[in-house]
Amino acid sequence: MRKFSLFMMVWVFLGATAMAQNAPKFEVFGGYSHLLGDISHTSFNLDGGEGAAVQNVNNWFGGMLDFGVHWGTRNGYNTNSQQIMYGPVFSYRKLSAFTPAAHVLLGAVRGSQGFAGIPSAATTFGAAFGGSVDIKISKMLSFRVIQGDLIVTDFMKEHQESLRVSSGLVFTFGSTR
């Protein structure tokens, strides 16, 4: 409950201070991604890519559709994971050089045999809690220095937490005004 209260206070603060800023109507992100899987048990590393599309409703709030694909080897298995999630994104656009943002995403996570110790391919509910920092290069291009997510899953009725870190380019289109 304490974390939720802190999250709500930050959300209200960011929304109130960013009212006068302009925002792109659409953002498209693509880049490299690294997944440190199942950190609560025996962690493993997977490399891959992430893509996301954001439609901003105003200068501080939007909806994000996120896709991630990761692959590698774990315990002798060629393993992979795919994530597709959607949820709100809250951006702080008061600073002209860079834009920090936070998001909460819900969706599906698929793991192949060996991912998080599962005996065969499976799909389960997943949630991602994270944020990002973009540095503006031009009106239509930014560099996402970092995006970090804690991905929570429940394969085989067992709780797993994974860390996903991404970096890449963000293309922006249109204006919310």
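Heads up: the structure comes first, above all this text.
Residues numbered from 1 in each chain as written. Predicted model: local features only at pLDDT ≥ 70, side-chain atom pairs only at ≥ 80, totals over all residues. Heavy atoms only, no water.

1. Re the pairing of strand β7 (residues 141-153)
Argument step 1. Sheet topology note: the strand β6 (residues 122-138)/β7 ladder contains 12 bridges and is antiparallel. Within β7, the position partnered with V133 by the bridge is I146.
Argument step 2. Counting the residues in the hairpin turn of β6 and β7 gives 2 residues.
Argument step 3. Bridging between β7 and strand β8 (residues 160-173) involves 11 bridges; their strand directions are antiparallel. Paired with L141 across the bridge in β8 is F171. (Pairing = 2+ DSSP bridges. Helix = DSSP H or I, 4+ residues; strand = E, 2+ residues; numbered from the N terminus.)

2. Points about the pairing of strand β2 (residues 44-56)
Argument step 1. Relative to β2, strand β1 (residues 26-37) runs antiparallel, the two sharing 12 bridges. Across the sheet, E27 pairs through a bridge with V54, a residue of β2.
Argument step 2. Linking β1 back to β2 in an antiparallel pair, the connection comprises 6 residues, with D38 at a positive phi of about 50°.
Argument step 3. Between β2 and strand β3 (residues 61-74), which pair antiparallel and follow one another directly, the connecting turn spans 4 residues.

3. Details of the packing of aromatic side chains
Pairs of aromatic rings are described using the distance from one ring centre to the other and the angle between the two planes.
Argument step 1. Counted by the stated rule, this structure contains 5 aromatic pairs.
Argument step 2. Here the aromatic rings of F44 and F115 are separated by 5.4 Å at their centres, their planes lie at 90°, and the arrangement is edge-to-face. Taken together, the positions of F44 in strand β2 and F115 in the loop between β5 (98-111) and β6 put the pair 71 residues apart, joining distant regions of the chain. In this structure, F44 and F115 share a single accessibility class: buried.
Argument step 3. Relative to F90, the ring of W60 has its centre 6.4 Å away and its plane inclined at 20°; by these criteria the two rings are stacked. In this pair, W60 is assigned in the loop between β2 and β3 and F90 in strand β4 (residues 77-91), connecting sequence segments 30 residues apart.
Argument step 4. Here W60 falls in the buried class, since its relative accessible area comes to 15%. (Phe/Tyr/Trp six-rings, centres within 6.5 Å; stacked < 30°, edge-to-face > 60°. Buried < 20%, exposed > 50% of the residue type's maximum accessible area, 1.4 Å probe, protein only.)

4. What to know about the pattern of salt bridges
Argument step 1. Taken as a whole, this structure holds 5 salt bridges when the rule is applied.
Argument step 2. Of the charged contacts in the structure, one is a salt bridge between E50 and R164, with a shortest N-O distance of 3.3 Å. Residue E50 is located in strand β2, and its partner R164 is located in strand β8; the two are separated by 114 residues in the primary sequence. By the burial criterion, E50 is buried, and R164 matches it. (Salt bridge = Lys/Arg side-chain N within 4 Å of Asp/Glu carboxyl O.)

5. What to know about the side chain of N56
Argument step 1. Relative to the helices and strands, N56 is located in strand β2.
Argument step 2. On the basis of relative accessible area, N56 is assigned to the buried category, the value being 1%.
Argument step 3. Of the polar contacts made by the side chain of N56, one reaches the side chain of E27; its length is 2.8 Å.
Argument step 4. Aside from chain neighbours lying at most four places away, what touches N56 is P24, K25, E27, F61, G62, R93 and T176. (Polar contact = N/O pair within 3.5 Å; in protein donor to acceptor, adjacent residues only side chain to side chain. Contact = heavy atoms within 4.5 Å.)

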